[in-house]
Amino acid sequence: MKAKSPSQSRTVMTDLVLPSETNPLNNLFGGELLARMDRAASISARRHSRRITVTASVNHVAFNHSIPLGSVVTVEASVSRAFRSSMEIFIDVWIEDRFSGEKTKANEAIYTFVAVDETGKPTEVPPIVPETELEQARYDAALRRKQLSLVLAGKMKPEDATELKALFTD
Ligand SMILES: CC(C)(COP(=O)(O)OP(=O)(O)OC[C@H]1O[C@@H](n2cnc3c(N)ncnc32)[C@H](O)[C@@H]1OP(=O)(O)O)[C@@H](O)C(=O)NCCC(=O)NCCS
């Protein structure tokens, strides 16, 4: 299968924060942001694989900054690494200053999607070739994140997570 770059799956979704999407502090409700990130990640996984894709795992979410009512929020997703049937998707969330238009990073997340056939069976996806320094760094760390996710899900024995173990022993 022909390799693809992360930019080929880049997906950018921009939307407002409306009153029905906020918590009692008038900031964006966390579950609403998770859903927006899931949508962008799903499109990104589809663009990379050109298959049906499903969310297998939310590996990491950091709600570092609250996002106030009325904000313009941009969710940017791209595939950081592809394995056999699974893809790690990196998601950056930006908010735009109302007056200057300057964008500030608000949150980030890492999701895993799996490409499946019409019967739901996992199916192969193209590999990823990183092009920038950031893409390379995300690519390099993706295998240990996959192993951590599999260990936490009870799908891999900790002793088999060699890449993850190397983090603590090297
Ligand atoms: C995701 C799903 C297809 C995986 O099926 P499975 O029977 O575990 O299949 P496999 O064991 O062959 O795993 C398929 C791939 O997913 C990866 N995977 C499975 N669970 C994972 C997890 N928790 N974290 C990271 N990767 C995971 C496997 O490592 C494998 O990757 P690879 O082929 O690239 O090496 C299956 O669990 C599923 O359909 N889940 C429901 C998905 C869904 O409905 N999501 C929406 C939530 S409502």
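Residues numbered from 1 in each chain as written. Predicted model: local features only at pLDDT ≥ 70, side-chain atom pairs only at ≥ 80, totals over all residues.

Under an unreviewed UniProt entry, the name given to the protein chain is Acyl-CoA thioesterase, and the source organism is Aureicoccus marinus. In the Sequence similarities (unreviewed entry) part of its UniProt record, the protein chain is described as follows: "Belongs to the acyl coenzyme A hydrolase family." (UniProt positions renumbered as here; feature names shortened; annotations may be inferred.)

Thoughts on the sheet that holds strand β3 (residues 72-82)
Read across the sheet, five strands follow the order β1-β3-β4-β5-β2 without closing on themselves; strand pairing throughout is antiparallel. The two strands at the open ends of the sheet, each matched to only one other strand, are β1 (11-16) and β2 (52-62). The mean inter-strand angle of the sheet, taken between neighbouring strand axes irrespective of direction, is 25 degrees. As defined by bridge partners, β1 adjoins β3 across six bridges and the pair is classed as antiparallel. Along β3, the bridge assignment pairs L16 with V72. Packed onto the sheet, helix α1 (residues 30-49) meets β1, β2, β3, β4 (86-96) and β5 (103-116) and runs at close to 40 degrees relative to β3. Packing against the sheet, helix α2 (residues 133-152) makes contact with β2, β3, β4 and β5, and its axis sits at approximately 75 degrees to β3. (Pairing = 2+ DSSP bridges. Helix = DSSP H or I, 4+ residues; strand = E, 2+ residues; numbered from the N terminus. Axes fitted to C-alpha atoms, helices over the stretch in contact; angles between N-to-C directions. Contact = placed C-beta atoms within 7 Å.)

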